[in-house]
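Residues per chain, in single letters:
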Amino acid sequence: MSSVDFLAQEKIWFEKPRYDEAERRFYERMNGSSQDVGANAILQDIARARENIQKSLAGSTGSSNSAADQGELISRIKSLELENQSLHKVVGDLRAALSKLECRVAVLEKSPASVTPAPAPSVPYTNGTAVQQKASAPVKQDEDDDDDIDLFGSDEDEEAEKLKEQRLKEYAERKAKKPAVIAKSSILLDVKPWDDETDMAKLEECVRSVQADGLLWGTSKLVPVGYGIKKLQIACVVEDDKVGTDLLEEEITKFEDY
């Protein structure tokens with residue numbers, strides 16, 4: 001048997017690579033479609049989760065809004081209750097005032113003097129025409145009032161005026177006799193010499209030689225200043241209206257040698 005005949009009779013699958021390739025593609029398509037289905041399922045789950053989250057958020061917002069509305073409603077109810085209480089109080093006050101007013105009206109109605117009207121003057125008629133009567137009493141009263149007026153004054157007014165002038169004169173005399181208050185001041189003067197060789201006793205004698213109306217010298221002492229120099233510290237009492245510190249300073253500084 002030749003080799004050609006052997007190969008013709010042998011069952012050999014020459015197209016197996018093509019079938020393998022076709023099988024591979026078939027399984028790849030199957031795997032790809034399954035992956036797409038899984039991806040689609042995952043996307044659907046994600047979409048449903050998002051929808052649930054949005055619903056829950058909407059529900060929480062609605063609950064918060066309802067809570068806020070409920071709080072506002074409660075506050076409005078409280079304000080209405082307070083307003084109702086105030087209105088009840090006002091109505092009670094009005095009722096009490098009305099009852100008091102009714103009691104007063106009842107008392108006034110019971111009193112005959114306040115209710116009795118004044119008698120109307122009779123008006124005579126002449127030929128169907130009313131004739132007005134002249135009131136004589138008021139005219140008489142006006143005449144009496146005119147008689148009471150004194151156009152030329154009276155002696156009582158003159159006496160009152162004289163008494164007033166006399167009292168003013170006595171007050172002025174008492175005020176003039178009263179001693180006036182004299183304002184005085186106590187002054188402490190520091191008189192400083194030129195140097196340490198100045199005769200402080202002579203300086204004090206010169207200071208005390210200054211005399212004026214309303215000036216009274218007091219005690220004095222020497223106070224050390226420094227470097228062997230002492231100042232004269234002397235007190236005096238002055239009347240403010242007569243003697244001032246400017247006058248004392250001017251008179252003391254005239255002793256230029258000290």
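The rules behind the values
- Residues numbered from 1 in each chain as written.
- Predicted model: local features only at pLDDT ≥ 70, side-chain atom pairs only at ≥ 80, totals over all residues.
- Heavy atoms only, no water.
- Helix = DSSP H or I, 4+ residues; strand = E, 2+ residues; numbered from the N terminus.
- Buried < 20%, exposed > 50% of the residue type's maximum accessible area, 1.4 Å probe, protein only.
- Contact = heavy atoms within 4.5 Å.
- Areas by Shrake-Rupley, 256 points an atom, 1.4 Å probe, with all protein chains shown as cover.
- Pairing = 2+ DSSP bridges.
- Axes fitted to C-alpha atoms, helices over the stretch in contact; angles between N-to-C directions.
- pLDDT = per-residue confidence, 0-100.
- Patch = residues over 30% accessible without salt bridge, like charges linked within 9 Å, V, L, I, M, F, W, Y side chains within 5 Å.
- Salt bridge = Lys/Arg side-chain N within 4 Å of Asp/Glu carboxyl O.
- Lys, Arg positive; Asp, Glu negative; His and termini not counted.
- Charge placed at Lys NZ, Arg CZ, Asp CG, Glu CD.
- Core = buried A, V, L, I, M, F, W, Y, C linked by side-chain atoms within 4.5 Å.
- Polar contact = N/O pair within 3.5 Å; in protein donor to acceptor, adjacent residues only side chain to side chain.
- Arc of directions from axis to C-beta.

A. Layout of the overall build of the chain. Counting its secondary structure elements, the chain contains seven helices and five strands. A buried classification covers 9% of the 258 residues belonging to the chain. Contacts in the chain between residues far apart in sequence, at least 24 positions, make up 58% of those at least 6 positions apart. Carbon and sulfur atoms form 56% of the exposed surface of the chain, whose accessible area is close to 22,900 Å².

B. Just the sheet that holds strand E4 (residues 215-226), in detail. The antiparallel open sheet is built from three strands, whose spatial order is E3-E5-E4. The open sheet has two free edges, formed respectively by strand E3 (184-191) and E4, since each of these has just one partner strand. Neighbour-to-neighbour, the strand axes of this sheet turn through a mean angle of 20 degrees, independent of strand direction. By the bridge criterion, nine bridges tie E4 to strand E5 (residues 229-239) in an arrangement that is antiparallel. Looking at E5, one finds that Lys-221 is bridged to Gln-233. Against the sheet, helix H7 (residues 245-252) contacts E3, E4 and E5, and its axis sits at roughly 30 degrees relative to E3.

C. Broad picture of the confidence of the model for the chain. Residues at a pLDDT of 70 or more form 69% of the chain, whose mean pLDDT is 75. Ranking the helices and strands of the chain by mean pLDDT puts E5 first, with 91, and strand E2 (residues 129-130) last, with 45. A low-confidence stretch, residues 123-140 stays under pLDDT 50, and its non-local contacts, those more than four residues away or across chains, total nine contacts.

D. Spotlight on unusual backbone geometry. Phi is positive for Tyr-227, which is not a glycine, with a value near 60 degrees. With relative accessibility at 84%, the residue Tyr-227 sits in the exposed group.

E. A look at a negative patch on the surface. Where like charges cluster on the molecular surface, the negative patch consists of Glu-156, Asp-157, Glu-158, Glu-159, Glu-161 and Glu-165. Overall, Glu-156 belongs to the exposed group, its relative accessible area being 62%.

F. Geometry of the nonpolar core. Ranked by internal contacts, the top residues of the largest apolar core, which has 16 residues, are Leu-189, Val-207, Leu-215, Trp-217, Cys-236, Val-238 and Leu-248. Of all the secondary-structure elements, those providing two or more residues to this core are E3, helix H6 (200-208), E4, E5 and H7. A per-element tally of this core places E5 first, with four residues. Setting aside residues no more than four positions away along its own chain, Val-238 makes contact with Ala-183, Lys-184, Ser-185, Ile-187, Gly-214, Leu-215, Val-243 and Leu-248.

G. Quick peek at the pattern of salt bridges. Here the structure, examined in full by the defined rule, presents seven salt bridges. Ionic pairing is found between Glu-204 and Arg-208, a salt bridge with its closest N-O pair at 3.2 Å. Of this pair, Glu-204 and Arg-208 both sit in helix H6, four residues apart, which is roughly one turn of that helix.

H. Geometry of the pairing of E5. Burial analysis of E5 places eight of its 11 residues in the buried class, which makes it a mostly covered element. In this sheet, E5 lies alongside E3 in antiparallel orientation, the contact comprising eight bridges. Among the inter-strand pairings, Val-191 is bridged to a residue of E5, identified as Leu-232. If you look at the hairpin formed by E4 and E5, you'll find two residues sitting between the two strands, and Tyr-227 has a positive phi there, around 60 degrees.

I. Focus on the side chain of Thr-198. Looking at the secondary structure, you find Thr-198 in the loop between E3 and H6. Here the side chain of Thr-198 touches Asp-195 through a polar contact of 3.0 Å, side chain to side chain. Excluding residues that lie within four positions of it along the chain, Thr-198 makes contacts with Pro-193 and Tyr-258.

J. View of H6. Turning to H6, its buried residues are Met-200, Leu-203, Cys-206 and Val-207. On an axial view of H6, the arc spanned by its buried residues comes to 115 degrees, and they lie on one face. Along H6, the residues that are exposed and aim more than 90 degrees away from the buried face are Ala-201 and Glu-205. Packed against the buried residues of H6 are E3, E4, E5 and H7. Where H6 begins, one side-chain oxygen reaches toward the backbone nitrogen of Ala-201, 3.3 Å away; that side chain belongs to Asp-199.

K. Spatial organisation of a nonpolar patch on the surface. Among the surface-exposed residues, Phe-26, Tyr-27 and Met-30 lie close enough to one another that they form a single nonpolar patch of about 340 Å² accessible area. Considering the arrangement of structural elements, one finds Phe-26 in helix H2 (residues 16-110). Take Phe-26: its relative accessible area is 48%, and that puts it in the partly exposed class.

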